[in-house]
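# Fold and geometry: a report
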Amino acid sequence: MLKYRNGSIVMKRVVMATILMRLSEERATKQYDRWISLLTLGQDRRLRSYIVNEVLPRRGSVLDLGCGTGTLLIEAGRRGLRGVGVDMNERMLEVARERSRNHNLGRRIDFQHGDVTELKLHDDSFDLVVSTLVASELQSDKLARFFSEARRVAVTGGRIAIGAEGLPAGRTIGGLFSLIRGLSYRIAAKFSQLKPHPLHEISRAMKAAGITPKYRVRFLGGLLELYVAEVA
Ligand SMILES: C[S@@+](CC[C@H](N)C(=O)[O-])C[C@H]1O[C@@H](n2cnc3c(N)ncnc32)[C@H](O)[C@@H]1O
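Residues numbered from 1 in each chain as written. Predicted model: local features only at pLDDT ≥ 70, side-chain atom pairs only at ≥ 80, totals over all residues.

A word on the overall build of the protein. Looking only at helices and strands, one finds 8 helices and 7 strands in the protein. Burial statistics for the protein: of 232 residues in total, 39% are counted as buried. Intrachain contacts of the protein at a sequence separation of at least 6 include 68% that bridge at least 24 residues. (Helix = DSSP H or I, 4+ residues; strand = E, 2+ residues; numbered from the N terminus. Buried ≥ 20, exposed ≤ 12 C-beta atoms within 10 Å, placed from the backbone. Contact = placed C-beta atoms within 7 Å.)

As a further point, take the confidence of the model for the protein. When pLDDT is averaged across the protein, the result is 87; 84% of the residues are at 70 or more. For residues 1-5, every residue scores under 50 in pLDDT, and the model assigns this stretch 0 contacts once sequence neighbours within four places are set aside. (pLDDT = per-residue confidence, 0-100.)

A word on the sheet that holds strand β6 (residues 213-219). As summarised here, the arrangement of the 7 strands in space is β3-β2-β1-β4-β5-β7-β6, forming an open sheet in which the pairing is mixed. The sheet is open, and its two edges are formed by β3 (109-113) and β6, each paired on a single side. Across the sheet, the mean angle from the axis of one strand to that of its neighbour is 15°, orientation sign disregarded. Pairing between strand β2 (residues 82-87) and β3: 5 bridges, direction parallel. For V84, the partnering residue across the bridge sits in β3 and is D110. (Pairing = 2+ DSSP bridges. Axes fitted to C-alpha atoms, helices over the stretch in contact; angles between N-to-C directions.)

What follows deals with the site of the ligand. Residues in contact with the ligand amount to 19 residues; listed here are only the nearest, G66, G68, M88, N89 and T132. Elements represented by at least two residues in the shell around the ligand include exactly α1 (2-27) and β2. Residues that form the shell around the ligand fall into these classes: 9 nonpolar, 5 polar and 5 charged. (Near = placed C-beta within 6 Å. Nonpolar A, V, L, I, M, F, W, Y, C, P; charged D, E, K, R; others polar.)

This paragraph deals with the pairing of β6. With 6 bridges joining them, β6 and strand β7 (residues 224-230) adopt antiparallel strand pairing. Residue pairing across strands places V217 opposite L226, the latter belonging to β7.

This part covers the environment of L119. Within the fold, L119 resides in the loop between β3 and β4 (126-132). With 31 residues separating them along the chain, L119 and A150 place their C-alpha atoms 8.8 Å apart. Contacts of L119, omitting those with residues within four sequence positions, involve V86, G114, E149 and V153.

What follows is the structure, given as structure tokens:
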């Protein structure tokens, strides 16, 4: 009984989280950061802070694909790095640009409107290509394009770091979450432009684009994962 009740609470939470994340992205961008932290129980911050402390290069340039409100790039800029953020949501970009101005980073960090699957950027340009909480939103055909673009614009010897939705370990719990996720996407689709799609195998999709993850870090029992690859 207790197990059922816990499962039901988790299920409601995941369903609500998916809906609220989409709504805040599309309609309440100023509150997006607060929502995403609430919904991931603060693990989004842990993910970003891991990237800032362990993955950012000491110098050079960073590209953030689906940069949202620019949190990661602002931190990179404050550490002296140059950066470009690409996002298709103008309202998210407005928040990012305002923040960049507030930190006097306008010259170092550039926020561009665009599609992460069709980048208007030169080959071999960035020491780190990073993306958090975006890959899971893309349909499978777009995901392949996203990784091939990430590979194209990263310099040889640089890194690619992808933070995305994952599944908790274990067949039963993993299967259960997969079901909950499918349901929550269907409900979210009623409120937003989201189209339901299966959870991607990020590692496999990266390898198909010629990117081999060197290691993986798991957050929130595996519900968030970070894959880090070195570009050969
Ligand atoms: C969940 S938010 C993540 C934002 C930020 N990376 C973070 O970690 O908070 C997903 C972002 O990806 C953007 N996005 C989704 N698909 C995209 C695409 N094809 N091209 C550009 N941006 C995209 C959305 O506009 C949104 O800002």
